[in-house]
Amino acid sequence: MTTRLFTSSMTFRHLRRGVLAAVVAWPSLTFAQSAPPPPLTLTLADAIRMAERTSEVLRIARAATDRATGQQLQARSRLLPQVNGIASYQRAIQLQFEEITKRLGSSDTTSGGGDAAGGFADSPLARVFASPNTVVLGVNASQALYSGGRISAGIAAAEAGIRAASLGQQSARAQLVLDIAQAYFDAQVAAQLAVIAESSFVQAERALRQTQVAREVGNVAEFDLIRARVQRDNARPAVIGARSQRDIALLRLRQLLNVPLQQSLVLSTSIEVGAAPGADALAVSRELLAMEPDTSVLRRAPVRQAEELLRIQEKQLAIVKGQRLPALELSSAYQRFAYPAEGTLLESNWQYYFPNWTVSLGIAVPFFTGGRIKGEIVAAQASLAEARERYEQTRKAAALDQELAIAQLVQAEAELAASAGTDEQAARAYAIAEVRFAEGLATQLELAQTRVDLETARAYRVQSARDVALARLRLALLRDLPLSAGGTTGRP
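This section reports on the structure supplied with the text. Owing to the predicted nature of the structure, the values given are computational and were not obtained by experimental measurement.

## A short note on the overall build of the protein chain
Right, on to step 1. The secondary structure content of the protein chain amounts to 13 helices and six strands.
Right, on to step 2. Among the 492 residues that make up the protein chain, the fraction classed as buried is 35%.
Right, on to step 3. Here the analysis covers contacts within the protein chain between residues at least 6 apart in sequence; of these, 84% occur between residues at least 24 apart.
Right, on to step 4. Element-wise, carbon and sulfur atoms account for 59% of the exposed surface of the protein chain, whose accessible area totals about 28800 Å².

## Quick word on a nonpolar patch on the surface
Right, on to step 1. A cluster of nonpolar side chains, contributed by Leu145, Tyr146, Leu325, Leu330, Tyr334, Trp357, Val359 and Leu361, occupies part of the molecular surface with about 830 Å² of accessible area.
Right, on to step 2. Elements represented by at least two residues in the nonpolar patch include exactly β3 (133–146), β5 (327–338) and β6 (354–364).
Right, on to step 3. Considering each element in turn, the nonpolar patch owes the most residues, three residues, to β6.
Right, on to step 4. Take Leu325: it is sitting in the loop between α10 (301–321) and β5.

## Considering the pairing of β3
Right, on to step 1. The pairing of strand β2 (residues 82–91) with β3 spans ten bridges and is classified as antiparallel. Among the inter-strand pairings, Arg91 is bridged to a residue of β3, identified as Asn133.
Right, on to step 2. Bridging between β3 and β5 involves eleven bridges; their strand directions are antiparallel. Paired with Leu137 across the bridge in β5 is Arg336.

## Some points on the packing of helix α7 (residues 150–216) against helix α8 (residues 222–257)
Right, on to step 1. Direction vectors running N to C along α7 and α8 enclose 165°, while the axes themselves pass 8 Å from each other. Between α7 and α8, the crossing angle belongs to the class labelled roughly antiparallel. Both α7 and α8 take part in a crossing whose hand is left-handed.

## Some words on unusual backbone geometry
Phi is mostly negative for residues that are not glycine, and the peptide bonds are mostly trans.
Right, on to step 1. Phi is positive for Asn258, which is not a glycine, with a value near 60°.
Right, on to step 2. With respect to the element layout, Asn258 can be found in the loop between α8 and β4 (265–267).
Right, on to step 3. On the basis of relative accessibility, which here comes to 38%, the residue Asn258 falls in the partly exposed class.

## Let's talk about the nonpolar core
Right, on to step 1. Core analysis: the largest hydrophobic core is formed by 32 residues, its most contacted members being Ile180, Tyr184, Phe185, Leu253, Leu257 and Leu267.
Right, on to step 2. Of the residues forming this core, the biggest block, twelve residues, is contributed by α7.
Right, on to step 3. Contact partners of Leu267, with chain neighbours within four places excluded, come to Leu42, Tyr184, Ala187, Gln188, Leu250 and Leu253.
Right, on to step 4. By size, the runner-up hydrophobic cluster in this structure holds nine residues, among which are Ala405, Ala412, Leu416 and Ala465.

## Brief notes about α7
Side chains of residues three or four places apart in an α-helix project in the same direction, reflecting 3.6 residues per turn.
Right, on to step 1. Helix length check: α7 (67 residues) gives 97 Å between terminal C-alpha atoms against 99 Å at 1.5 Å per residue, within 8%.
Right, on to step 2. Positive phi shows up at Gly218, right after α7, with a value of about 85°.

Criteria and thresholds
- Residues numbered from 1 in each chain as written.
- Predicted model: local features only at pLDDT ≥ 70, side-chain atom pairs only at ≥ 80, totals over all residues.
- Heavy atoms only, no water.
- Helix = DSSP H or I, 4+ residues; strand = E, 2+ residues; numbered from the N terminus.
- Buried < 20%, exposed > 50% of the residue type's maximum accessible area, 1.4 Å probe, protein only.
- Contact = heavy atoms within 4.5 Å.
- Areas by Shrake-Rupley, 256 points an atom, 1.4 Å probe, with all protein chains shown as cover.
- Patch = residues over 30% accessible without salt bridge, like charges linked within 9 Å, V, L, I, M, F, W, Y side chains within 5 Å.
- Salt bridge = Lys/Arg side-chain N within 4 Å of Asp/Glu carboxyl O.
- Pairing = 2+ DSSP bridges.
- Axes fitted to C-alpha atoms, helices over the stretch in contact; angles between N-to-C directions.
- Parallel < 35°, antiparallel > 145°, perpendicular 65-115°, else oblique.
- Left-handed = near helix turned anticlockwise from the far one by under 90°.
- Core = buried A, V, L, I, M, F, W, Y, C linked by side-chain atoms within 4.5 Å.
- Expected span 1.5 Å × (residues − 1).

So yeah, pure geometry; function would need other evidence.
Have a look at this one:
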């Protein structure tokens with residue numbers, strides 16, 4: 001009895017140790033299962049390729065091109081013969097020929113004409129027309145010989161639709177590249193602005209400590225100490241806001257790339273601020289910035305797309321006008337008829353499938369349509385006039401958009417050149433102001449002002465570099481880009 005109790009006690013202790021070990025290990029297991037994925041390092045080119053693989057906009061544009069290709073196949077099919085095979089089974093519930101055979105056969109038998117009646121009822125034609133079962137196998141073929149130009153106009157309209165859809169796909173890709181680049185650069189600018197805000201906070205914290213030391217030895221007044229503390233406290237919300245803007249910019253980039261929102265991103269194509277005016281402000285993908293800009297208005301994708309839509313409306317008008325002309329069609333039908341006996345579904349003997357082959361030539365002339373054709377012509381003419389005006393409107397807007405893109409690049413490069421060296425000078429001025437303040441030669445106001453100047457110069461330099469990169473990229477992609485509203489890229 002004692003041994004059994006001892007064994008039970010040992011078993012309980014081992015069980016309790018196992019439970020405690022599981023409880024202790026559970027948080028680490030949970031943490032291991034929910035550990036965030038490793039950081040994803042992305043260049044700008046990698047981000048663009050990733051977006052192209054997962055972009056819904058590009059898939060929609062490709063679907064439009066596929067739809068236009070299908071419409072072209074439909075239009076071209078009208079040039080070729082249309083051949084259809086048919087097979088049908090018909091069961092007659094009540095058949096007039098069967099009733100005629102029965103009644104005439106019964107009347108002839110009563111009047112003594114049995115042989116005649118028997119011959120009529122058993123004749124091949126009576127069996128054919130009176131059979132309740134009919135099986136038809138056949139092939140029908142038709143070929144349009146003349147359609148008043150409607151087929152050729154439909155093919156031309158479908159080909160113009162393919163070209164318009166292809167241009168739309170190019171525009172969608174170019175806009176996606178620009179959107180990804182803007183989101184990528186905005187995230188980097190926001191990250192650098194957060195670093196600048198944190199540096200400004202560190203500087204304010206250091207100035208506060210220096211003021212506290214000076215106050216303790218009696219070199220500054222209490223007013224200066226309060227001002228330094230207020231400036232330090234005012235810098236803290238700026239840091240919080242800059243970090244929030246950085247996180248929001250990264251969230252937008254993750255959304256465009258269709259990556260998990262918890263995925264950490266490392267952006268390796270960084271903004272490089274150079275001191276020399278005219279130097280590359282950004283280490284962007286060479287294949288993007290090396291593209292030769294094509295600023296010809298007539299070669300812009302929106303203008304060419306509007307031209308193709310105008311051509312489609314011209315062909316649609318030709319199709320509608322072609323309805324006034326006669327249509328000539330050749331058709332042929334080859335059929336085999338069988339009349340299975342009662343109780344069977346199909347005739348097993350091929351010699352009882354009787355042939356029937358016809359060839360017909362038909363012409364259709366619209367003598368009176370109640371004004372339908374005229375109404376369609378009026379509507380098509382209105383659509384054509386609207387397409388002409390939209391083409392002119394698009395061409396003028398493209399010319400303005402081109403000038404805005406060039407002016408935007410010139411302005412951005414001028415601003416970048418003007419800011420060259422300003423941040424270095426502001427940093428040197430702040431270092432001098434710190435030394436002067438530590439030696440008691442400068443006031444707290446002077447130190448705060450030079451810190452604000454430094455922060456402003458750094459932020460303006462980073463944003464100017466970003467604007468130059470986007471302006472260059474937009475001009476390089478201008479030929480395929482959609483028309484923009486004002487031609488601006490906006491700052492984060």
